[in-house]
Amino acid sequence: MATKLVIIGGVAGGATAAARARRLDEHAEIIMFERGEHISFANCGLPYYISGVIENRDDLLLTNPVAFGDRYYVDVRVNCEVVGIDRLNKQVKVRNQLTGETFDESYDKLILAPGAEPLKPPIKGIDHESIFNLRNIPDSDRIKKFIDERQPRAAVIIGAGFIGLEMAEALVHRGIKTTVLEKLPQVMAPLDQEMAAIVHGHLKEKGVELDLENGVTGFTDKDGRLVVSTEKNQDLVCDLAILSVGVRPENRLAKEAGLALGERGGIKVDAAMRTSDPNIYAVGDAVEVKDLVTGLPTMTPLAGPANKQARIAADNAMGRLSTFSGTLGTAVVKVFDLTVASTGANEKSLNAKKVPYLTSYTHSNSHATYYPGAQWMSIKLLFSPSNGKVLGAQIVGQEGVDKRIDVLATAIYANMSVYDLEELELAYAPPYSSAKDPVNVAGFVAANMLKGDLDPIFWHELARYTQDDTILLDVRQVDELETAGKIEGARHIPLGELREWLDDLDRSKNYLVFCAIGYRGYLAYRLMSQRGFNVKSISGGYKTYLGSKEQMMKESPQTKLWLGE
């Protein structure tokens, strides 16, 4: 007897599961319910449609219900919301959104792909007509129509995650003065503070106002404009607001059906994507899966994992054993001229889970500098102090960031170490890379730390030392100090002259050496450490200092004394 498969949700997870199930079983009866009017649309492209970069709305529609149904022989029912699950009788209750009619549909196997819904905090004025969320095609239609017809002068984006920053770029592209309001002290929570600081500077260069460590307390209307009241008792007057404060799993159906949920509300599933009911599977933004780095439960609202989980759920629903190993949360986002990417764990998550780690910073060019157009990228690598296993990575830069984060994500997935990164043979030609790829360089620096060839110190650790017994030693060239800036109080000796000055240096002092990005600081460290000096190399050099300066000043008065602030 043919299996009857019912799928709830028709976007990334649901449509992928339906297509996979059909490829596995030509005889199965497959029904897919979607409460909206569109299936399998490119929700990641919505900000670019609003900005006008994607001009044709239909380009966001990867398929339509009729075409999908014809190709895969799937009964696609849009505008149909599943409102209840009867596990005992293996039925779902469905409401037709257009007619209000309700009916029951039986199933042998059920796949839940409800996604996640934008958080909507219960604050005064939240339902104002000028406040929008962005989740689906109708949302983007409403926002675009509002901008086209109302021609707003100013906008406030509440929340500085992926969607928030993509929308900031979209609105600036439309000529709208934009403020980003964020309760955290940084944008993009997956990044650590010093990496996010690079993004902060770029946003300000592009004219975006950043209001960090500040939350919204309410919305009011004044003279036809929207007033956003904040925790700092400031009123931001605008014409448009975008809520982008995060998402939560759409778990109502699962909860009411008595399926097991995790602490944060995600639907619990095993490696087969099976819920606590053996006939029901769940995938995508609504589920709780294993973090590949820590082994602990996590939720990852990203399209890539959702598609993989959907294939696995369909496999198992159709009788083919398949498992999902876990997630790294690999993500990339365009923020104006920057590309921002991360994979695996960050410092915040490792500290919270008490996982030991070491950190390295490297700043590399996207390709050979003698070939025109080379652009910088900053790489932060997190790795195990015991065996060098790669735990996480963050990259902020321009060209080539996506390629390198994918290599590092693969390394984490394969349980590779920083020693493996040294040995990776990656494609090289002057327009694309260097003979030592940025990933190799990150591996060299991290491996040097583990081998004892480099004793690093990080800028935020300066408070451990006093100016009485420690000297900051800048080994950059004179012209670099004039063009890039310098640190008041640091002694300056160019690397090429350092050997000549060694006899004049006080060997009773500690020396913390730095250059622009770290390499010459490393050379100075090797030179001085072999000549008997007590020396450390400041990781990431002056460039990392610029990224971490703001946070250092907040955390340590001693650092202010060091840096002459």
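Source: prediction; values computed, not measured. (Residues numbered from 1 in each chain as written. Predicted model: local features only at pLDDT ≥ 70, side-chain atom pairs only at ≥ 80, totals over all residues. Heavy atoms only, no water.)

1. Some points on the sheet that holds strand β16 (residues 240–243)
In sheet architecture, strand pairing relies on hydrogen bonds along the backbone and comes in two forms, parallel and antiparallel. Convention followed: Here a strand pair is declared whenever DSSP counts at least two bridges between the two strands. Secondary structure elements follow DSSP: runs of H or I no shorter than four residues count as helices, runs of E no shorter than two count as strands, and numbering proceeds from the N terminus.
With respect to topology, five strands assemble into an open sheet ordered β9-β16-β10-β11-β12, the strand pairing being parallel. Both outer strands of the open sheet, β9 (131–132) and β12 (209–212), are each paired with one neighbouring strand and no more. Summarising the sheet, strand β11 (residues 177–182) and β12 pair through four bridges and their orientation is parallel. Directly across from Leu181, in β12, lies its bridge partner Asp211.

2. Looking at the packing of aromatic side chains
Worth spelling out the cut-off: Stacked, edge-to-face and tilted are the three classes for Phe, Tyr and Trp ring pairs, Trp counted by its six-membered ring, which pair at centre distances within 6.5 Å; planes under 30 degrees apart are stacked, over 60 edge-to-face, the rest tilted. The cut-offs for exposure are 20% and 50% of the maximum accessible area for each residue type, with area from a 1.4 Å probe on protein chains only; residues under the lower value are buried, those over the upper are exposed, and the others partly exposed.
Inspection of every chain in the model, using the stated rule, returns nine aromatic pairs. When the centroid spacing of 6.3 Å and the interplanar angle of 50° are considered together, the rings of Phe33 and Phe103 count as tilted. In this pair, Phe33 is assigned in strand β2 (residues 29–34) and Phe103 in strand β6 (residues 102–106), connecting sequence segments 70 residues apart. Across the pair, Phe103 and Phe33 agree in class, each one buried.

3. Points about the sheet that holds strand β25 (residues 376–383)
As a reminder of what qualifies: Simply put, an axis is a line fit to the C-alpha atoms, just over the touching stretch for a helix, and the angle between two N-to-C directions goes from 0 to 180 degrees. Whether two residues are in contact is decided by their heavy atoms: any pair within 4.5 Å suffices.
The sheet built from five strands is open, its strands ordered β22-β23-β26-β25-β24 with antiparallel pairing. Lying at the two open borders of the sheet, with one neighbouring strand each, are β22 (331–335) and β24 (358–365). Between one strand axis and the next, the sheet turns by 15° as a mean value, whatever way the strands run. Here β24 pairs with β25 via eight bridges, running antiparallel. Each bridged residue has a counterpart across the sheet, and for His363 the counterpart in β25 is Ser378. Docked against the sheet, helix α12 (residues 438–451) engages β24 and β25, running at close to 145° with respect to β24.

4. Quick word on the pairing of strand β7 (residues 109–112)
Going residue by residue along β7, you find Lys109 and Ile111 tucked away on one face and Leu110 and Leu112 tucked away on the opposite face as well. Taken together, the four bridges between strand β1 (residues 4–8) and β7 define a ladder with parallel strand orientation. What sits directly across from Ile8, in β7, is Leu112. Across three bridges, β7 lies against strand β19 (residues 280–282) in parallel orientation. In the sheet register, Leu110 faces β19, and the bridge partner there is Ile280.

5. So, the pairing of β11
Rules: Handedness of a crossover: with both strands directed away from the viewer, a clockwise path from the first strand across the helix to the second marks it as right-handed.
Most of β11 is tucked away: five of the six residues are buried. As paired strands, strand β10 (residues 154–158) and β11 are joined by five bridges and run parallel to one another. Within the sheet, the bridge partner assigned to Ile157 lies in β11 and is Val180. The parallel pair β10 and β11 is bridged by helix α5 (residues 162–173), and the resulting crossover is right-handed. Handedness of the crossover joining β11 and β12 through helix α6 (residues 193–205) is recorded here as right-handed.

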